[in-house]
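# Summary of the model geometry
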Amino acid sequence: AQCAMLMWLLSRRELREQYGTWRHCAFDRELLARFLKYGFPQGLHLFVDVASFAMFMLLVGRLGKDELAATNLAFSLNTLAFVPMLGLGTAVSTLVGQRIGEGRPELAIRSTWNAFKLSSVYMLTFAAIYVGLPDLILTPYAAFSDAADFAALRDQVVTLLRFVAVYCFFDAMGIVFGFAIRGAGDTRFALLFSCVSAWTLMVMPTVISQVWFQGSLTASWWFCTIYTIVLGLGFMARFQAGHWRSMRVIEATAASSTPPLTADPVSVER
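Residues numbered from 1 in each chain as written. Predicted model: local features only at pLDDT ≥ 70, side-chain atom pairs only at ≥ 80, totals over all residues. Heavy atoms only, no water.

## Digging into the packing of helix α4 (residues 65-102) against helix α5 (residues 105-132)
Running from N to C, α4 and α5 cross one another at 175 degrees; their axes reach a closest spacing of 9 Å. Overall, the two elements α4 and α5 adopt an arrangement that is roughly antiparallel. The class makeup of the residues in the contact of α4 with α5 is 20 nonpolar, four polar and one charged. (Axes fitted to C-alpha atoms, helices over the stretch in contact; angles between N-to-C directions. Helix = DSSP H or I, 4+ residues; strand = E, 2+ residues; numbered from the N terminus. Parallel < 35°, antiparallel > 145°, perpendicular 65-115°, else oblique. Nonpolar A, V, L, I, M, F, W, Y, C, P; charged D, E, K, R; others polar.)

## Structural notes on the packing of aromatic side chains
Tallied over the full model, the rule gives 18 aromatic pairs. Aromatic pair Phe169 and Phe170: ring centres 5.5 Å apart, planes at 85 degrees, arrangement edge-to-face. One aromatic cluster is present, built from ring pairs that chain together Phe53, Phe56, Phe75, Phe163, Trp221, Trp222 and Tyr227. A cation over a ring is seen here: Arg182 above Phe179, with NZ or CZ 4.5 Å from the ring centre. The positively charged end of Arg238 is found above the aromatic ring belonging to Phe189, 4.2 Å away from the centroid. (Phe/Tyr/Trp six-rings, centres within 6.5 Å; stacked < 30°, edge-to-face > 60°. Lys NZ or Arg CZ within 6 Å of the ring centre and 35° of its normal.)

## Looking at the nonpolar core
For soluble globular proteins, nonpolar side chains are generally found buried alongside one another. In terms of nonpolar packing, the biggest core is built from 58 residues, with Val96, Tyr130, Val157, Trp221 and Trp244 touching the most fellow members. Breaking this core down by element, the ones donating at least two residues are α3 (29-61), α4, α5, α6 (134-143), α7 (147-184), α8 (187-212) and α9 (217-241). The biggest single contributor to this core is α7, with 21 residues. When neighbours within four sequence positions are excluded, Trp221 is seen to be in contact with Phe56, Thr71, Ala74, Phe75, Leu160, Phe163, Val164 and Tyr167. (Core = buried A, V, L, I, M, F, W, Y, C linked by side-chain atoms within 4.5 Å. Buried < 20%, exposed > 50% of the residue type's maximum accessible area, 1.4 Å probe, protein only. Contact = heavy atoms within 4.5 Å.)

## Observations concerning unusual backbone geometry
The phi dihedral of Gln214 is positive, around 50 degrees, even though this residue is not glycine. Inspection of the secondary structure assignment puts Gln214 in the loop between α8 and α9.

## Considering α9
Given a rise of 1.5 Å per residue, 25 residues ought to cover 36 Å, and the 36 Å separating the end C-alpha atoms of α9 matches this to within 8%. Phi for Gly242, located one or two positions after α9, is positive at around 85 degrees. (Expected span 1.5 Å × (residues − 1).)

## A short note on the side chain of Ser209
Turning to its location among the elements, Ser209 is positioned in helix α8. In this view, Ser209 contacts Gln214, Gly215 and Phe223; residues no more than four positions away in its chain are not counted.

## Here's the deal with the environment of Thr225
Examined against the element boundaries, Thr225 turns out to sit in helix α9. Placed 24 residues apart in sequence, Thr225 and Leu201 show a C-alpha to C-alpha distance of 9.3 Å. Dropping the residues within four chain positions of it, Thr225 is found in contact with Phe163, Val166 and Tyr167.

## Concerning the environment of Gly132
The residue Gly132 is located in helix α5 in this model. Once the C-alpha coordinates of Gly132 and Gln2 are considered, the two residues, 130 residues apart in sequence, prove to be 39 Å apart.

## Some words on the packing of α7 against α9
Two elements in contact, α7 and α9, have axes whose closest approach is 7 Å; the angle formed by their N-to-C orientations is 20 degrees. The angle between α7 and α9 falls in the class roughly parallel. With respect to the hand of their crossing, α7 and α9 are arranged in left-handed fashion. Here the contact of α7 with α9 is composed, by residue class, of 18 nonpolar, seven polar and three charged. (Left-handed = near helix turned anticlockwise from the far one by under 90°.)

## As for the layout of surface pockets
Gaps left between atoms are located by rolling a probe of water-molecule size over the structure's atoms. If you add up the space inside the second largest pocket, you get close to 660 Å³. Lining the second largest pocket are 24 residues, with Asp49, Phe53, Phe82, Leu86 and Asp171 sitting closest to its centre. The set of elements that each furnish at least two residues to the lining of the second largest pocket consists of α3, α4, α7 and α9. Tallied by class, residues from the lining of the second largest pocket come to 13 nonpolar, eight polar and three charged. (1 Å grid on protein atoms, 1.4 Å probe; cavity = no way out; pocket = protein on both sides within 12 Å on 5 of 7 lines; lining within 4 Å. Points joined across faces, edges and corners; volume = space filled by probe spheres on them.)

As structure tokens, then:
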């Protein structure tokens, strides 16, 4: 149903007339190769990210059902802050790609830092809630849970939310700067850096701590927190290095000779 609705939106007359969505529909081998070159690492990056957290959850489940339930609940509450940032990241990726295509990387930098300021305020607000008002956001879960079961989890969840409060700012950093460099075409670095960081800083240390040192839930969450902090700092460092400025997902030789029908970039930026 979602796919059908999107196709309907794309097929609307005003879009066909303004952007030529069907008029320019044709197979382009070189363009397809570029999509695969930049898009496949992007999709694989998402797969690696999901797989690493799935493995992390599996390892936490080895500690006990209460530990697994507390981790699930903490991550669920983390989505209140995390998911909207994905939308912001998509916007950053789009704007950076447009600015690079226009040959105006300075506007891409401005857009990214504006997004980071916005995400920082949002994430720090949630960090304050996680630390100062955990019972406020736990109330809906307590209302629909068995009182005894929830009481057994409550203290663990409150402790885990403090970890979330520590890393959520760096999570926003990773989202904004990670999406920014991927929007410019730096998708292979994002894939490799995320893969290496996730498995060497979060998954493998958790495995080692449980197999050889009888690791605890707290130790596992420390590894998760360290991974998120390193990921955020690493993506910001990559963005600051500026390698993405010279990248072109669609270069002039591969682009259509028909000028794009878009609004004035300066007015859009404002």
